[in-house]
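Per-entry structural report
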Amino acid sequence: MDTKPLISVRNLNVFYANTQALKNISVDIPDKKITVIIGPSGCGKTTLLKSFNRLIDSANDITVSGEVLVDGENILDPKIEITHIRKKMGLLSQKPSPLPMSIYDNVAYGRRIHGLGNKKELDTIVEHYLKEASLWDEVKDRLHAPASQLSVGQQQRLCLARGLAVEPEIILGDEPTSALDPKSSQHIEKRFLELKKQYSIVIVSHILRQAKRLADYVIFLYLGELIEHGPAGEVLDNPRQEMTREYIKGIIS
Amino acid sequence: MGNSSIVYGAFGFAIMLSLGLRASLLGGIIVVALLILPIMSRAMDEVMRMTPPEILDASYALGATRLETAMKVMVRQSLPGIVTAVIIAFGRGIGDAASVLFTAGFTDSLPSSLLRPVATLPLAIFFQLGTPFAQVRARAYAAALLLTLIILIISIFSRIVARKYTRHIVK
């Protein structure tokens, strides 16, 4: 790896009640690249992603051990301030989840929470990030309309703008295009390819073609175990592990 | 929640007796508050639990704390339900006679302090209908009309408020 890793996972174990969702995962996520986590359903992809911003904390009855280092800080440390960690990461969920407020307020939400009240500055920020998510032209005349009126594809771009507005370093996507039509998916994918110049992006995907289009680095999980990881070209075109080969050929899914 | 309001009234009355208090506006206020509190909190709790977990996660993911998420996201999402809960509880409180029967007392005049007895509309109806004088009974009917109108206005108002806030709700 040429650059210093942004997220380092060391011996991460996650249990939901008595079920082990992640088994001793150790992996480095490279900086300013798109990393795609692939694997069949229920293999722990989402759990791994959510452990990066500790959203797994919301689940009941969860036990976590190991380390997740972001910028050298172990974010699983109970002493760490969690809002500070989450500010560094924008999240796109499977189903777009606009907040129950206007388009404008959705984008401004994060910044307002972190103490920005100046209307002029907020206006600039909202416009900037809506453009960044290529949504501005579609919504500039109805910024104060409810976000829930947007189409699903637009909602996902709004969520992207909302996440970018808090100026994160990392964008996390949990199958961010799975609820979208092909056109909207393409839109989001295009954004990702441009955004990786400034951000590190980690996406969970079960679409192999999407992984091929986007990934610089690939992590393959199977039933909570890390089977293989490495640069996209190696893992996807020339996997070392039998299991990865079978998954890519579509034998296990 | 399903407790009969006379039980609240009797309980309030017993406590007031032991404290040496007489039936008063204050006693009525406290007992009606106790009566509607469980109705209101239960209805609010139920509607807030309906908040989709994804939008709460979305708020957390932006670095919001639990309190910020509750105040800015959960309350907004549940606002129509919260308004409805307040209205239902209000209707229950304003229309209830049994709980204030012993605790608020009855009088024909306006109370001059919190410690004086007071007539609620249902109590006015109750006592005035029982008199043999046609004029007094007419006042009872007037009180009944007034009560009905208040509840009508409040429910129309709640519809308007709820509609205004429904537009932002995420389904």
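One can find the structure itself at the top, above this paragraph.
**Focus: the overall build of chain A**
- When helices and strands are counted, chain A shows 10 helices and 10 strands.
- Here the C-alpha radius of gyration of chain A, 18 Å, is about what a compact globule of 253 residues would show, namely 18 Å.
- Projected onto its principal axes, the C-alpha coordinates of chain A cover approximately 55 × 40 × 35 Å.
- Every one of the 253 residues in chain A was classed for burial, and the buried ones make up 55%.
- Entry remark: accessible area of chain A is about 11,000 Å², with carbon and sulfur atoms responsible for 47%.
- Here chain A carries 33 positive and 32 negative side-chain charges, and the mean point of each set is 3 Å from the other.

**Thoughts on the side chain of Q155 of chain A**
Residues and elements named next belong to chain A.
- As for its placement among the helices and strands, Q155 is situated in helix α6 (residues 152–165).
- Of note is the side chain of Q155, whose polar atom sits 3.4 Å from the backbone oxygen of S148.
- With residues near it in sequence (within four places) discarded, Q155 still touches P96, P98, A147, S148 and L150.

**Some remarks on the pairing of strand β7 (residues 170–174) of chain A**
Residue and element names in this part refer to chain A.
- Extensive coverage of β7 is indicated by the burial of five of its five residues.
- Note: β7 against strand β8 (residues 200–204), five bridges, orientation parallel. Of the residues in β8, the one forming a bridge with L172 is V202.

**Considerations on the nonpolar core**
All names here are of chain A.
- Counting residues in each nonpolar core, the largest one holds 46 residues, and the members touching the most others are L130 and F192.
- The dominant element in this core, judged by the number of residues it contributes, is α6, at six residues.
- When residues of this core are assigned to domains, at least three fall in each of domain 1 (5–88 + 168–249) and domain 2 (99–164).
- With residues near it in sequence (within four places) discarded, L130 still touches I103, V107, L135, W136, V139, L143, L158 and A161.
- Grouped together as the second largest cluster of nonpolar side chains are 45 residues, V9, I37, I75 and I80 included.

**Digging into unusual backbone geometry**
All names here are of chain A.
- Positive phi is not limited to glycine here, since N24 has a value of about 50°.
- Relative to the helices and strands, N24 is located in strand β2 (residues 19–30).
- Looking at N24, the relative accessible area reads 47%, which means it is partly exposed.
- Positive phi values are uncommon outside glycine, yet S134 reaches one of about 45°.
- Examined against the element boundaries, S134 turns out to sit in the loop between α4 (119–132) and α5 (136–139).
- Taking the relative accessible area as the measure of exposure, S134 reaches 23% and is therefore partly exposed.

**Some thoughts on the packing of aromatic side chains**
Residue and element names in this part refer to chain A.
- Going through the model one piece at a time under the given rule, you end up with four aromatic pairs over all chains.
- Between F220 and Y247, the ring centres sit 5.0 Å apart and the planes meet at 35°, which makes this aromatic pair tilted. Taken together, the residues F220 in strand β9 (residues 217–222) and Y247 in helix α10 (residues 242–249) connect sequence positions 27 residues apart. You'll find F220 and Y247 in the same group, each marked buried.

**Re the packing of helix α2 (residues 25–49) of chain B against helix α4 (residues 66–95) of chain B**
Residue and element names in this part refer to chain B.
- As a packed pair, α2 and α4 sit with axes 8 Å apart at the nearest point and diverge in direction by 155°. Judged by the inter-axis angle, α2 sits roughly antiparallel to α4. Both α2 and α4 take part in a crossing whose hand is right-handed. Between α2 and α4, the residues in contact are V32, L35, I36, I39, M40, A43, M44, V47 and M48 and M74, S78, G81, I82, A85, V86, I88, A89, R92 and G93, respectively.
- A breakdown of the residues in the contact of α2 with α4 according to their chemical character gives 15 nonpolar, three polar and one charged.

**Quick notes on the interface of chain A and chain B**
- With 27 residues of chain A at the contact, the number on the chain B side is 21 residues.
- Between chain A and chain B, a total of about 2,000 Å² is buried, with carbon and sulfur atoms accounting for 61% of that surface.
- In terms of surface lost to chain B, no three residues of chain A exceed P100, Y109 and I113 of chain A, which account for 29% of the buried area on that side.
- Where D57 of chain B meets K50 of chain A, a salt bridge forms, and the shortest distance between an N and an O atom there is 3.9 Å.
- At the boundary of chain A with chain B, the tally comes to five residue pairs in polar contact (both at pLDDT 80 or more).
- Listed by contribution, the elements that provide at least two residues to the side of chain A that touches chain B are α2 (82–87), β6 (89–92), α3 (103–113) and α6 of chain A.
- In terms of residue class, the side of chain A that touches chain B is built from 12 nonpolar, nine polar and six charged.

**Quick look at the pattern of salt bridges**
All names here are of chain A.
- Using the criterion set out here, one finds 21 salt bridges over all chains in the structure.
- One salt bridge in this structure joins D105 and R112, with 2.9 Å as the shortest N-O distance.
- The network of salt bridges with common partners includes D71, E73 and K88.

**Side note on the environment of L99 of chain A**
- As for its placement among the helices and strands, L99 of chain A is situated in the loop between β6 and α3.
- Judged by relative accessible area, which is 0%, L99 of chain A ranks as buried.
- Sequence separation between L99 of chain A and P146 of chain A is 47 residues, and the spatial gap between their C-alpha atoms is 9.2 Å.
- Ignoring any residue separated from it by four or fewer positions in sequence, one finds L99 of chain A in contact with N106, Y109, A147 and R162 of chain A together with I55, A58, S59, L62, V73 and V170 of chain B.

Conventions we followed
Residues numbered from 1 in each chain as written. Chains lettered and ligands numbered in written order. Predicted model: local features only at pLDDT ≥ 70, side-chain atom pairs only at ≥ 80, totals over all residues. Heavy atoms only, no water. Helix = DSSP H or I, 4+ residues; strand = E, 2+ residues; numbered from the N terminus. Rg over C-alpha atoms; globule rule 2.2 N^0.38 Å. Buried < 20%, exposed > 50% of the residue type's maximum accessible area, 1.4 Å probe, protein only. Areas by Shrake-Rupley, 256 points an atom, 1.4 Å probe, with all protein chains shown as cover. Lys, Arg positive; Asp, Glu negative; His and termini not counted. Charge placed at Lys NZ, Arg CZ, Asp CG, Glu CD. Polar contact = N/O pair within 3.5 Å; in protein donor to acceptor, adjacent residues only side chain to side chain. Contact = heavy atoms within 4.5 Å. Pairing = 2+ DSSP bridges. Core = buried A, V, L, I, M, F, W, Y, C linked by side-chain atoms within 4.5 Å. Domains from an automatic or database assignment. Phe/Tyr/Trp six-rings, centres within 6.5 Å; stacked < 30°, edge-to-face > 60°. Axes fitted to C-alpha atoms, helices over the stretch in contact; angles between N-to-C directions. Parallel < 35°, antiparallel > 145°, perpendicular 65-115°, else oblique. Left-handed = near helix turned anticlockwise from the far one by under 90°. Nonpolar A, V, L, I, M, F, W, Y, C, P; charged D, E, K, R; others polar. Buried area = accessible area lost by both parts, 1.4 Å probe. Salt bridge = Lys/Arg side-chain N within 4 Å of Asp/Glu carboxyl O.

Taken by themselves, the reported measurements are silent on function.
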